[in-house]
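Below are the chains, spelled out letter by letter.
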Amino acid sequence: MVNLNTNDHLKREILTNSQVIAVVGHSDQPIRTSYQIARFLREVGYKVYPVNPVVKEIDGQPSYAALTDIPEPVDIVNVFRRSEYLPEIVDSAIAIHAKTIWTQLDVKDWQSANKALDAGLNLAMDVCIKVEYLRLLG
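Bear in mind the structure is a predicted one, so any value in this text is a computation, not a measurement.

Novice: Is there a simple way to think about the pattern of salt bridges in this case?
Specialist: Pairing between side chains of opposite charge can happen when the charged atoms of each approach one another. Taken as a whole and assessed by the stated rule, the structure comprises ten salt bridges. Across the salt bridge formed by Arg82 and Glu84, the nearest N and O atoms sit 3.1 Å from each other. The class of Glu84 is exposed, set by a relative accessible area of 53%. Where Lys108 meets Asp126, a salt bridge forms, and the shortest distance between an N and an O atom there is 3.5 Å. Here Lys108, found in the loop between strand S6 (100-103) and helix H4 (110-118), pairs with Asp126, found in the loop between strand S7 (122-124) and helix H5 (129-136); they are 18 residues apart in sequence, far enough to count as distant. Its relative accessible area of 36% is what places Lys108 among the partly exposed residues. One salt-bridge network, held together by shared partners, links Asp8, Lys11, Glu132 and Arg135.

Novice: Whenever I open this one, helix H1 (residues 8-17) confuses me. Can you help?
Specialist: Because an α-helix completes one turn every 3.6 residues, residues spaced three or four positions apart along the sequence face the same direction. All of the buried residues along H1 are Lys11, Ile14 and Leu15. The buried residues of H1 occupy an angular sector of 95° when the element is viewed end-on, so they sit on one face. Those residues of H1 that are exposed and aimed more than 90 degrees away from the buried face are His9 and Asn17. Those residues of H1 hidden inside the fold are in contact with strand S5 (76-79), S6, S7 and H5. Measuring from the side-chain oxygen of the N-cap residue of H1 to the backbone nitrogen of His9 gives 3.2 Å; that N-cap residue is Asn7.

Novice: Teacher, can you tell me more about the packing of helix H3 (residues 86-95) against H4 here?
Specialist: A pair of packed helices is characterised by two quantities: the angle between their axes and the separation of those axes. For the pair H3 and H4, the least separation of the axes is 9 Å and the interaxial angle reads 10°. With respect to their mutual orientation, H3 and H4 come out roughly parallel. On the side of H3, the interface is formed by Leu86, Pro87, Val90, Asp91 and Ile94, while H4 contributes Ser112, Lys115 and Ala116. Among the residues making up the contact of H3 with H4, the classes are represented as five nonpolar, one polar and two charged.

Novice: So what exactly am I meant to see when it comes to the nonpolar core here?
Specialist: The nonpolar side chains of soluble globular proteins are, as a tendency, buried together. Core analysis: the largest hydrophobic core is formed by 25 residues, its most contacted members being Leu67, Ile70, Val77 and Ile101. Put simply, the parts of the chain that give this core at least two residues each are strand S1 (20-24), strand S2 (47-51), S5, H3 and H4. Counting residues per element, this core draws most heavily on H3, at four residues. If we skip the residues at most four places from it in the chain, Ile101 touches Val77, Val79, Val90, Ala93, Ala116, Leu121, Asn122, Leu123 and Ala124. Judged by nonpolar contacts, the second largest core, of 20 residues, contains Val23, Ile37, Ala38 and Trp102.

The rules behind the values
- Residues numbered from 1 in each chain as written.
- Predicted model: local features only at pLDDT ≥ 70, side-chain atom pairs only at ≥ 80, totals over all residues.
- Heavy atoms only, no water.
- Salt bridge = Lys/Arg side-chain N within 4 Å of Asp/Glu carboxyl O.
- Buried < 20%, exposed > 50% of the residue type's maximum accessible area, 1.4 Å probe, protein only.
- Helix = DSSP H or I, 4+ residues; strand = E, 2+ residues; numbered from the N terminus.
- Arc of directions from axis to C-beta.
- Contact = heavy atoms within 4.5 Å.
- Polar contact = N/O pair within 3.5 Å; in protein donor to acceptor, adjacent residues only side chain to side chain.
- Axes fitted to C-alpha atoms, helices over the stretch in contact; angles between N-to-C directions.
- Parallel < 35°, antiparallel > 145°, perpendicular 65-115°, else oblique.
- Nonpolar A, V, L, I, M, F, W, Y, C, P; charged D, E, K, R; others polar.
- Core = buried A, V, L, I, M, F, W, Y, C linked by side-chain atoms within 4.5 Å.

Spatial relationships are all this shows, so hold off on functional conclusions.
Put into C-alpha cells, the structure is as follows:
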C-alpha cells in the first residue's frame, strides 16, 4: 500500500515484476491514447486485458465488460476513464485483489486514492504508465 507517485524505486519494482495489466477504458480506435498505450504495454511484454463494456473485441482479443470478468489475477489496473468513474473502478480493483491502481494523466480522485491505499493496493495517480516505464526502465 504505497503511493507510487513519491517512490520511483517501488514504481520501477512494480513495473518490472508485474505481468498482467487490465486497461479500463481501452478503446478500439488506434488514434486513441488508451489504444496506443495498451499496444505499447503489449510490445514490452505485458499481458493486457481490455476492459470496455461497449466493445466486443480489440484487434482480435476479447474485451471484457468489467474487471471481475477477467479470467486471471491482475497485477495493475490502468485507468483511462474520467475521474468520476474512479470510485467504482477502485471498488472493482479491490474486489479482484489487484495489486496496483494506475491512473493516467488527469484521472484523479483523492477519496478513491485513499480507499485503494487503505485496502492495501499500490497507487500511481495522474501519471502515464508509458512515460514512467520509459523513464525508469527504458
